[in-house]
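# Architecture and fold: a report
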Amino acid sequence: MEPKKVISDSGIEIKQLYCTPIVMDEKPGHFPFTRGVHDAMYRDRLWTMRQYAGFSTAEESNKRYHFLLSQGVSGLSIAFDLPTQIGYDSDHAMAEGEVGKVGVAVDSLEDMEILFQGIKLSDISTSMTINATGFILLALYIALAKKQGADIKKISGTIQNDILKEYAARGTYIYPPAPSMRIITDIFEYCSKEVPKWNTISISGYHIREAGSNAVQELAFTLANGKAYLQAAIAKGLDINVFAQRLSFFFNAHNNIFEEVAKFRAARRIWANITKDLGATDSRAQMLRFHTQTGGSTLTAQQPKNNIVRVALQGLSAVLGGTQSLHTNGYDEALSLPTEEAASIALRTQQIIAFESGATDTVDPLAGSYYVEALTKELEDAAMALIGKIDAMGGAVKAIENRFMQDEIGRSAYAYNKAIEDGSKIIVGVNKFTMKENNDTPLLKIDDSIRLVQTEKLKRLRDKRDNAAVAQCLATIQEKARGTENLMPYVIDAVEKLCTLGEISNCLRDVWGEYKG
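This text gives an overview of the structure that appears in the document. (Residues numbered from 1 in each chain as written. Predicted model: local features only at pLDDT ≥ 70, side-chain atom pairs only at ≥ 80, totals over all residues. Heavy atoms only, no water.)

### Quick word on the pairing of strand E4 (residues 75–79)
In summary, the side chains of a regular strand alternate between the two faces of the sheet. Across the 5 residues that make up E4, a large majority, 5, are buried. Side chains Gly75, Ser77 and Ala79 project from E4 onto one buried face, and the interleaved Leu76 and Ile78 project onto a second face that is buried too. As paired elements, strand E3 (residues 48–53) and E4 share 4 bridges and run parallel to each other. Looking across to E4, one finds that alanine 53 is bridged to isoleucine 78. (Buried < 20%, exposed > 50% of the residue type's maximum accessible area, 1.4 Å probe, protein only. Helix = DSSP H or I, 4+ residues; strand = E, 2+ residues; numbered from the N terminus. Pairing = 2+ DSSP bridges.)

Structure, rendered in structure tokens:
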């Protein structure tokens with residue numbers, strides 16, 4: 001009888017039995033870092049346990065942050081609402097119906113102060129999921145740190161700041177690619193001198209996977225985007241051995257533990273070789289450090305408590321794959337923003353993996369597995385073949401402009417959903433093992449009145465600030481945007497003088513226009 005053929009979601013045929021050993025003479029902490037970026041990994045230091053949170057007003061989000069810190073999170077991860085992400089103040093017509101819905105509304109330095117009230121920026125690491133307006137949120141964070149009396153050379157955190165994946169998969173872009181890349185390299189340059197502990201970009205495969213890609217595409221498109229950022233910074237004259245140390249990555253963790261572990265291991269190996277080929281000689285500039293979030297698109301509205309198990313498996317795969325930072329999703333996120341109870345369970349999931357599973361006792365515990373080593377190599381080879389296609393097109397920006405990445409993701413998403421519909425891929429509680437449900441999961445709901453609260457705040461702000469100074473700041477930013485000087489010092493000055501996020505975004509729209517996908 002012929003053995004059943006098994007094909008992974010990435011199109012890799014999985015053998016019934018793996019018997020051929022792969023010679024492993026690599027060590028963790030050494031090039032090409034397949035086995036991890038640190039010699040002792042979690043024996044020396046656990047990953048940063050983050051919980052992605054942000055909703056409603058800065059006041060409400062601040063309460064959640066204090067709760068999470070009290071429960072043992074070691075770093076904050078902030079979600080911003082859609083108007084903040086695409087550069088509109090809460091009182092703008094384009095913000096109607098969206099204020100505070102998928103994250104926190106931040107319009108000004110005053111909102112940022114409230115967001116972190118009672119939290120010293122010198123004592124925590126903060127990750128901010130923000131892209132097109134990432135430079136403004138970073139400016140607000142730096143301005144607040146200075147107000148708190150912190151040494152900005154010592155503050156640490158990350159802005160996502162990955163605009164290429166917005167064009168390819170997510171859609172929250174503002175400006176065309178060229179000025180967007182200019183902003184990113186300005187951030188690289190400014191932070192390497194002034195905020196050296198800040199991770200200036202989190203090159204994101206997460207949203208590429210959420211849009212429907214498979215693991216190979218997530219790997220290839222993310223690293224191709226990373227290569228484009230390296231090349232843009234080098235073209236600006238920046239030293240790869242300096243700025244590449246502050247690049248980080250953001251990957252998705254799906255349900256297939258072995259494929260995900262192999263993906264993370266392959267990512268480190270590919271990136272080490274990409275950076276080396278572009279001239280990096282410092283090992284810290286060759287390391288791929290990454291944050292992981294469990295797969296939001298894998299969560300089901302049906303039988304939502306099954307998601308607790310899914311998140312645990314995904315979190316374990318990230319740890320076995322050597323992540324430096326992890327967010328675990330709430331079981332209710334297919335229905336609403338996570339409640340406090342769901343966020344607590346998600347955090348406890350990480351803590352159980354850390355302290356009870358044994359996964360942290362040794363480095364790269366799946367190394368040497370016939371299956372995992374073979375899968376690591378297959379994912380590497382498949383991803384490199386895709387990167388080769390992108391290079392032949394002229395790089396990631398050209399591949400996005402030609403819709404190559406978007407079309408590849410679309411085909412993969414279609415195939416995945418078709419497999420669920422025809423039953424060849426089983427999703428427990430969705431297309432098999434279903435049951436009649438009375439869904440009584442408590443939901444977190446955001447009221448539309450939040451926009452009125454933010455609008456009133458903005459009115460008070462504009463009444464009390466020095467509006468002549470604001471006008472001068474915005475005019476200066478426009479002048480500098482037409483030239484080549486680094487924009488970051490002028491944006492920081494603007495937010496300190498209480499220019500709003502929307503005002504800064506709009507003054508640059510006047511210079512650069514908007515990108516129409």
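### Focus on the nonpolar core
With 139 residues, the main nonpolar core has Met112, Phe116, Met128, Met405 and Ile504 as its most contacted residues. Grouped together as the second largest cluster of nonpolar side chains are 6 residues, Phe55, Ala95, Val99 and Ile450 included. (Core = buried A, V, L, I, M, F, W, Y, C linked by side-chain atoms within 4.5 Å.)

### Remarks on empty space enclosed by the protein
Scanning the entire structure with this criterion turns up 4 cavities of 30 Å³ or more. Within this model, the largest cavity holds a volume of roughly 70 Å³. When residues in the lining of the largest cavity are grouped by element, the largest group, 3 residues, is from helix H6 (residues 177–194). Put simply, the second largest cavity is a space of about 60 Å³. Around the second largest cavity, the lining comprises 14 residues; the ones closest to its centre are Val319, Leu320, Gly322, Asp364 and Pro365. (1 Å grid on protein atoms, 1.4 Å probe; cavity = no way out; pocket = protein on both sides within 12 Å on 5 of 7 lines; lining within 4 Å. Points joined across faces, edges and corners; volume = space filled by probe spheres on them.)

### A closer look at the sheet that holds strand E10 (residues 290–294)
The sheet built from 9 strands is open, its strands ordered E7-E6-E5-E4-E3-E11-E10-E9-E8 with parallel pairing. Unpaired on one side and paired on the other, strand E7 (198–199) and strand E8 (201–204) mark the two borders of the sheet. Pairing between strand E5 (residues 125–129) and strand E6 (residues 156–159): 4 bridges, direction parallel. Directly across from methionine 128, in E6, lies its bridge partner isoleucine 159. Of the strands in this sheet, strand E9 (247–253), E10 and strand E11 (325–327) are in contact with helix H12 (residues 306–320), which crosses E10 at around 165 degrees. (Contact = heavy atoms within 4.5 Å. Axes fitted to C-alpha atoms, helices over the stretch in contact; angles between N-to-C directions.)

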